[in-house]
Protein chains: 2
Amino acid sequence: MAMNRVCELTGAEFPLFAFSHCRDVVAAVSRAGGFGVLGATRFTPEQLEEELAWIDAHVDGAPYGVDVLVPEVIDPSVTALSDNLMRAAAIDPAYQGFTNDLLARYGIAPEPEMPILKERMGITPENGLALMEVAFRHPIKLIANALGIAPAAMITRGKELGVPVAALVGAKEHAIRQAEAGVDIIVAQGTEAGGHCGEVTTLVLIPEVVRALGGAGHDIPVLAAGGIMTGGQMAGMMAAGAQGAWTGSIWLATPEAETSEAFRAKMVAARSRDTIRSRSRTGKPARQLRTPWHAAWDDAGGLGTLPMPLMGMVSEPAFARIERAAAAGNGEARELVSYFVGQGVGLVEQVRSSRQVVQDFREEFLDAITELAASVGIE
Amino acid sequence: MAMNRVCELTGAEFPLFAFSHCRDVVAAVSRAGGFGVLGATRFTPEQLEEELAWIDAHVDGAPYGVDVLVPEVIDPSVTALSDNLMRAAAIDPAYQGFTNDLLARYGIAPEPEMPILKERMGITPENGLALMEVAFRHPIKLIANALGIAPAAMITRGKELGVPVAALVGAKEHAIRQAEAGVDIIVAQGTEAGGHCGEVTTLVLIPEVVRALGGAGHDIPVLAAGGIMTGGQMAGMMAAGAQGAWTGSIWLATPEAETSEAFRAKMVAARSRDTIRSRSRTGKPARQLRTPWHAAWDDAGGLGTLPMPLMGMVSEPAFARIERAAAAGNGEARELVSYFVGQGVGLVEQVRSSRQVVQDFREEFLDAITELAASVGIE
């Protein structure tokens, strides 16, 4: 029997949704009774096709989903730049100079020219829609839009194909707009989340969004996102009104993840206070592990944050250089190693397999509910 | 039968702790089965004596507590200023000028001299300890220290008198230091809380603090604070590891509270995003309702934030003038009306009596647990 409506909609046995850029995590979580969601934004359509074919072959028929980012609006200064060559040309060379100087202080050799992103890569509306079309050619049980209002094409195609559409929000007004646009599931994500996030905490946002949707007559299930690393927290957010948990950071500390050994070691060592919400990686506020990178950009004088996707065209090649240097044994470069991660990083004590994480969530979830029920005489 | 260890320690029937500066709230909550805690920092010792005598006469023998603020360290520039006359003299007149100019833009008449705080008022170690001594002369069942490590005198006197000592923390390291100092209960307060707060959210902080205490061999119950306005959230934080909830903002929206009608109306209208964590009222980061006051201080040029307690000596008389003007019908002054309140303000939909709030919490708490237990087959 399905635990609740979100399980009915998606086919999840246990409403633990696992966002990951790694197909191995997605398949492992779905096979273990959770629900894996592949983050697609870093792939070309051809790459995504390959990833999803792999998942179809390895998920044993369990349900899974895909998350794309179709930006609702793009900065006017970027609209006219129709390809990555033009976008790269629009970036002041001072950005590459600043990055080179910063990395040089950590023993990383300069790279005179910023590498130009392959065509059909980078977060733009066209690229997001192309990825969406690939996703709909596979037997997905959920499609999610990561930022802004889900586009009409996603809603329409989802309804045609019977695929529920989810959308991430960080404020109650956005939840209402998503519901009016026709989404089936709201992922309400608190400020403690890794990656793009708003200002309101998960604990406050969940009841606020649930109430706002109910008050506006939208009978839509809400998943809680941001800070959830244990089954006890998942049970907690369900007590506060959510129908399940949407998680991301916890999967970065699995051996299957795309993260480096250097970053996973930092996750185990980090406290919850070691993250920062900063525009200095994507151009929009996104939570990540704090390193000297962030302070350097705050002090970068006249060099302000570039809009999305330009900021990522500066930062991502730099972070790739940092990772390569760290992997090659440069201890100073390790200081700069960073990635999108939430405050829940303070709860990561070891690297565990994705399967083990799902099992631990299920046990902790049941234990928390059993104990709480017993404390009020229900057993 | 007590629900858990925190109920055993304090005598609370239902582990809902209500922090309030208003004796009526404290007595009403305790009588309704919760646990009222009087915030004492704004009283002289004589005033506190009077308040506690009133509570003793009105609480029907139910348990209650007192919260004082004995700062652990005081800014070196303030240490030498031994009385409020000296402290006032140390404040650059430009602060009063800036405040006068700001308030004048909202139709509030200037006040040439900053009023001087009465002796034995203001947040200093001596004043905090004097209030503590008054509290211990009453049949309190809890004493809490609001900021920093609980002083040795509080721990010693608490043990002598059998009064559990609680301390508020915003980070796991502080919880360990408090446990080592000898406190009996940790109140782990997330960044969404009203008043002084840290950066980590309640949802992350609770399991992080519970684990850190357990890992260090300290068997101390943890109360969850920050953002909790409903019994569902309270149940949620107990699923995540807390033994109860410590609440503040919700009581500001009761008719018994010290808040003005203007502020309560703003609470009902506010969204969760309408608060700000700012140093511009007390000198330390404290969450409050955002008004043009905060932007003005951010832009106040060379006038930085003064250390505690000097900043409050500038801000509190100004907020008193704002409240008087608003109460007298000045609509512009209403725009500046603000007070310490957490992000949970977005969940306040109406003004309810303290007794009603406790009853609603109890019902929501039981409903949330019953429903969650049923979803996993426990009933």
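The preceding data block contains the structure.
No experiment lies behind these values; they were computed from the predicted model shown.

Peer 1: Would you mind showing me how to read the pairing of strand E1 (residues 16–20) of chain A here?
Peer 2: A regular strand places its side chains so that they alternate between the two faces of the sheet. All names here are of chain A. Buried residues dominate E1, accounting for 4 of its 5 residues. The sheet contact formed by E1 and strand E9 (residues 244–247) spans 3 bridges and is parallel. If you follow Ala18 over to E9, its bridge partner there is Thr247. Pairing of E1 with strand E2 (residues 35–39) involves 4 bridges; the strand directions are parallel. Residue pairing in the sheet places Ser20 in a bridge with Leu38 of E2. This β-α-β element, E1 to helix H2 (residues 23–31) to E2, shows right-handed connectivity.

Peer 1: What exactly am I supposed to notice about the sheet that holds strand E11 (residues 286–289) of chain B here?
Peer 2: One key point about sheets: their strands pair by backbone hydrogen bonds, in either a parallel or an antiparallel sense. All names here are of chain B. The 3 strands lie next to each other as E7-E11-E10, forming an open sheet whose pairing is antiparallel. With partners counted over all chains shown, the strands left at the sheet margins are strand E7 (195–196) and strand E10 (275–278), one partner each. Summarising the sheet, E10 and E11 pair through 4 bridges and their orientation is antiparallel. Of the residues in E11, the one forming a bridge with Arg277 is Arg287.

Peer 1: Hey, could you run me through the relation of the copies chain B and chain A in this one?
Peer 2: Relating the two copies of this chain is a rotation about some axis coupled with a shift parallel to it. At an RMSD of 0.0 Å, chain B and chain A line up after a rotation of 180° and a shift of 0.0 Å along the axis. The relationship between the two copies is best expressed as a two-fold rotation axis. For chain B, the minimum C-alpha distance to the rotation axis belongs to B:Gly236 and amounts to 1.7 Å.

Peer 1: Would you mind showing me how to read helix H9 (residues 172–181) of chain B here?
Peer 2: Quick reminder: α-helices carry 3.6 residues per turn. Residues three or four places apart thus point the same way. Residue and element names in this part refer to chain B. For H9, the complete set of buried residues consists of Ala175, Ile176, Gln178 and Ala179. Seen end-on, H9 carries its buried residues on one side only, within an arc spanning 160°. Elements that come into contact with the buried residues of H9 comprise strand E5 (165–169), strand E6 (185–189) and helix H10 (202–215). Positive backbone phi, at 110°, marks Gly182, one or two positions downstream of H9.

Peer 1: Got a minute to help me understand the interface of chain B and chain A in this structure?
Peer 2: Put simply, an interface is often sized by how much accessible area is lost when its parts join up. On the side of chain A, 47 residues touch chain B, which itself brings 47 residues to the contact. On the surface where chain B and chain A come into contact, there are 6 salt bridges. Notably, a salt bridge pairs B:Glu173 with A:Arg273, separated by 3.3 Å at the nearest N-O pair. Of all elements in the fold, only H9, H10, helix H11 (231–239) and helix H17 (354–375) of chain B reach the threshold of two or more residues within the side of chain B that touches chain A. With 8 residues, the top contributor of residues to the side of chain B that touches chain A is H17(B).

Peer 1: Can you help me understand the packing of aromatic side chains in this one?
Peer 2: The relation between two aromatic rings is expressed through the spacing of the ring centres and the mutual angle of the planes. Taken as a whole and assessed by the stated rule, the structure comprises 18 aromatic pairs over all chains. Their ring planes at 80° and their centres at 5.1 Å tell us that A:Phe14 and A:Phe365 sit as a pair that is edge-to-face. Of the two residues, A:Phe14 is situated in the loop between helix H1 (5–10) and E1 and A:Phe365 in helix H17 (residues 354–375); the sequence distance between them amounts to 351 residues. The two residues A:Phe14 and A:Phe365 agree in class, both being buried. The structure contains a cluster of three or more aromatic residues connected by ring pairs, namely A:Tyr95, A:Phe98, A:Trp293, A:Trp297 and A:Phe319. The side chain of A:Arg281 reaches across the aromatic face of A:Phe319, ending 3.8 Å from its centre. The cationic tip of B:Arg281 hangs over the ring face of B:Phe340; the distance from NZ or CZ to the ring centre is 4.9 Å.

Peer 1: Quick question: what am I supposed to make of the packing of helix H11 (residues 231–239) of chain A against H11(B) here?
Peer 2: Relative orientation of the contacting elements H11(A) and H11(B) amounts to 170°, with a least axis distance of 7 Å. In terms of orientation, H11(A) and H11(B) fall into the roughly antiparallel class. Residues A:Gly232, A:Ala235, A:Gly236, A:Met237 and A:Ala239 of H11(A) pack against B:Gly232, B:Ala235, B:Gly236, B:Met237 and B:Ala239 of H11(B). Grouping the constituent residues of the contact of H11(A) with H11(B) by class yields 6 nonpolar, 4 polar and no charged.

Peer 1: Is there a simple way to explain the packing of helix H6 (residues 93–104) of chain B against helix H15 (residues 310–327) of chain B in this structure?
Peer 2: For any two helices packed against each other, the geometry comes down to the angle between their axes and how far apart the axes lie. Residues and elements named next belong to chain B. Where H6 contacts H15, the two axes come as close as 11 Å, and the packing angle between them is 20°. Of the possible angle classes, the one that applies to H6 and H15 is roughly parallel. Crossing of H6 over H15 shows right-handed handedness. Of the residues in H15, those in contact with Tyr95, Gln96, Thr99, Asn100 and Leu103 of H6 are Val314, Ala318, Arg321 and Ile322. For the contact of H6 with H15, a count of residues per class yields 5 nonpolar, 3 polar and 1 charged.

Peer 1: Before we go on, may I ask you to explain the environment of A:Leu131 in this structure?
Peer 2: All names here are of chain A. Mapped onto the elements, Leu131 comes out in helix H7 (residues 125–136). The buried category is assigned to Leu131, whose relative accessible area is 3%. When the C-alpha atoms of Leu131 and Ala373 are compared, they prove to be 44 Å apart, with 242 residues separating the residues in sequence. Look past the residues within four positions of Leu131 in its chain and what remains in contact with it is Ala40, Thr41, Phe43, Thr44, Pro45, Leu48 and Val68.

Peer 1: Explain the sheet that holds strand E4 (residues 142–145) of chain B to me, please; I cannot follow it from the model alone.
Peer 2: Residue and element names in this part refer to chain B. Read around the barrel, 8 strands follow the order E1-E2-E3-E4-E5-E6-E8-E9 and close on themselves; strand pairing throughout is parallel. Neighbouring strand axes in the sheet, compared pairwise and without regard to direction, differ in orientation by 25° on average. The pairing of strand E8 (residues 222–225) with strand E9 (residues 244–247) spans 3 bridges and is classified as parallel. Bridge pairing links Ala224 to Ala245 in E9. Where helix H7 (residues 125–136) meets the sheet, its contacts fall on strand E3 (64–68) and E4, and the angle it forms with E3 comes to roughly 170°.

Cut-offs used in this document
- Residues numbered from 1 in each chain as written.
- Chains lettered and ligands numbered in written order.
- Predicted model: local features only at pLDDT ≥ 70, side-chain atom pairs only at ≥ 80, totals over all residues.
- Heavy atoms only, no water.
- Buried < 20%, exposed > 50% of the residue type's maximum accessible area, 1.4 Å probe, protein only.
- Helix = DSSP H or I, 4+ residues; strand = E, 2+ residues; numbered from the N terminus.
- Pairing = 2+ DSSP bridges.
- Right-handed = clockwise from strand over helix to strand, strands pointing away.
- Least-squares fit on C-alpha atoms with pLDDT ≥ 70 in both.
- Arc of directions from axis to C-beta.
- Contact = heavy atoms within 4.5 Å.
- Salt bridge = Lys/Arg side-chain N within 4 Å of Asp/Glu carboxyl O.
- Phe/Tyr/Trp six-rings, centres within 6.5 Å; stacked < 30°, edge-to-face > 60°.
- Lys NZ or Arg CZ within 6 Å of the ring centre and 35° of its normal.
- Axes fitted to C-alpha atoms, helices over the stretch in contact; angles between N-to-C directions.
- Parallel < 35°, antiparallel > 145°, perpendicular 65-115°, else oblique.
- Nonpolar A, V, L, I, M, F, W, Y, C, P; charged D, E, K, R; others polar.
- Left-handed = near helix turned anticlockwise from the far one by under 90°.

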